[in-house]
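Residue-level structural notes
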Amino acid sequence: MNREKIGTITDLMKSRLTKPMQYYLDLCTRCGLCYDSCHVYYGIPKREYTPVGRAETLRRIFRKYFRPSGRFFPYWGEARELDDRAMEEVREAAFSCTGCRRCMVNCPFGIDTGYLMTMAKLMLIGNETAPEELVILADSAVEKGKSIGEFKEGFKSVVGDLEKIVQEKLGRSSPDGLIPMDNGGASVLYAGLAGAHSIVNPAVIFNAAGESWSLSFFEAVNFGAFLGDPEKMQFIANRIVKEAIQLGVKELVITECGTAYRIQRHMLGTLPFKVSSIVEVIDRYLREGRIKVKAGAISEPVTYHDPCQLGRNGGVFEEPRRIIGELCTDFREMTPNREHNWCCGGGGGLVALDNEKFRVQSGLVKRDQISATGAKLVVTACENCVSQLDTIKSGYGMDVEVKYLTELVADNLLL
Ligand code: SF4
Ligand code: SF4
């Protein structure tokens, strides 16, 4: 690796050296208490898949370039020089971590390995070895933000087809206006995803509630965050913020995507509108009587998977349980749950990568958790989690069905 490349990577590391980052890099006592927190280590018990193992990959390089002991006495400080091999290890560490932050909850010092991996991801961008799939997806989201005018008509015609499905589900006489867009003065801007399900089911719910709403032209998912590029992350998130401001909405509602919710709700500072998850909104509609569901419509055993970014890192725990509680007569909690819930293994952009075997292995603990409940239906509220739970289901031949919470509600509305 030449000096120029080393300079680029260490400059990027420096740009991420916030106070918490330095604390996390310096403080670990290697007590090993975090070992058993990581779902990857549970499924693949190798030291490099422990939280501390991942962090040490980064710490050795940090010591070499940012601490005198590492610079002058590399063997004492276990410092590591940057080279291609070191960067391969950085990539393995960063893109085997979902950023679920379960290890942080179990570390006596609150060391946030997920946050440390944001520095690792930035180093990979500097080394030009970040996963190509994520680079392409983040770039196309940025491009769409720059030239939205070119995409609008095509998107409107796709949405026109979806309005007919919404019409059928609601039993209305006309599909017109069931999925409004560019609806200036609406109360709510809803940011969905590319899949029809993330538009149709919420549209059914918004219409049933008589909500004044508008569908965003942008997908909520933030591939800039998965890639670990702070500028692209900010740009992708701000596309939706700008649209919300232009329309003058009071509330931005984020679809079932935990990372998008966490970014838009918790990482953009103060915004001139409220940010909610669709899960919080459904719960509110039910409590206010704006929608009604068929009480106890589902009698088979049901469990709920807490998406890490919505639950542990977003604080939404009780709302999905209240909603499921109205619909299902046999709800069974996974153990542990809420902030201690095990990650399914799909976050951090991992479901977008060619790594199915790894994800099945790292999903072993989720398989065990679900099986222990005896549930036949697994409900969750995050696109990545649904994809990963489906991968776990087929990987282990499980006899369960996986459903989005919005689908469960839209299919069981009392209209
Ligand atoms: S629990 Fe915390 S201090 Fe202990 S090894 Fe893990 S990260 Fe380091
Ligand atoms: S953030 Fe999650 S995936 Fe990453 S090391 Fe910690 S427990 Fe493992």
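Above this text is the structure in question.
Every value quoted in this text rests on a predicted model; they were computed, and no experiment measured them. (Residues numbered from 1 in each chain as written. Chains lettered and ligands numbered in written order. Predicted model: local features only at pLDDT ≥ 70, side-chain atom pairs only at ≥ 80, totals over all residues.)

Regarding the overall build of the chain
Tallying secondary structure elements over the chain gives 20 helices and 7 strands in all. Since a compact globule built from 415 residues should have a radius of gyration of about 22 Å, the 22 Å found for the chain is in line with a globular shape. Along the first, second and third principal axes, the C-alpha atoms of the chain reach 75 × 50 × 35 Å. In the chain, which comprises 415 residues, the share counted as buried stands at 50%. Taking contacts inside the chain between residues at least 6 apart in sequence as the whole, the part at least 24 apart equals 76%. (Helix = DSSP H or I, 4+ residues; strand = E, 2+ residues; numbered from the N terminus. Rg over C-alpha atoms; globule rule 2.2 N^0.38 Å. Buried ≥ 20, exposed ≤ 12 C-beta atoms within 10 Å, placed from the backbone. Contact = placed C-beta atoms within 7 Å.)

Points about the packing of helix 4 (residues 51–66) against helix 6 (residues 84–94)
The geometry of helix 4 relative to helix 6 is characterised by a closest axis approach of 9 Å and an angle of 145 degrees between their N-to-C directions. Read as a crossing pair, helix 4 and helix 6 show a hand that is left-handed. Across the interface between the two elements, Arg54, Thr57, Leu58 and Ile61 of helix 4 pack against Ala86, Glu89, Val90 and Ala93 of helix 6. (Axes fitted to C-alpha atoms, helices over the stretch in contact; angles between N-to-C directions. Left-handed = near helix turned anticlockwise from the far one by under 90°.)

Description of the site of ligand 1
What surrounds ligand 1 is the set Cys28, Thr29, Arg30, Cys31, Gly32, Leu33, Cys34, Pro51, Val52, Cys107, Phe109 and Ile111. Taken together, the residues of the shell around ligand 1 break down into 9 nonpolar, 2 polar and 1 charged. (Near = placed C-beta within 6 Å. Nonpolar A, V, L, I, M, F, W, Y, C, P; charged D, E, K, R; others polar.)

What to know about the environment of Asn183
Within the secondary structure, Asn183 sits in the loop between helix 10 (148–170) and strand 1 (188–191). Taking the C-beta count within 10 Å as the criterion, Asn183 has 17 such neighbours and is therefore assigned partly exposed. Along the chain, Asn183 and Glu88 lie 95 residues apart, while their C-alpha atoms are 48 Å from each other. In contact with Asn183, other than residues within four places in its own chain, are Ser214 and Leu247.

A few points about the sheet that holds strand 6 (residues 377–380)
Across the sheet, which stays open at both edges, the 3 strands sit in the order 5-6-7 with parallel pairing between neighbours. Pairing within the sheet leaves two strands with one partner each, and these edge strands are strand 5 (302–304) and strand 7 (401–404). Sheet twist, expressed as the average angle between the axes of neighbouring strands with direction ignored, equals 30 degrees. Two elements, strand 6 and strand 7, share 4 bridges in a ladder whose sense is parallel. Within strand 7, the position partnered with Thr380 by the bridge is Tyr404. Relative to strand 7, helix 19 (residues 383–396) is tilted by about 175 degrees, and along the sheet it contacts strand 6 and strand 7. (Pairing = 2+ DSSP bridges.)

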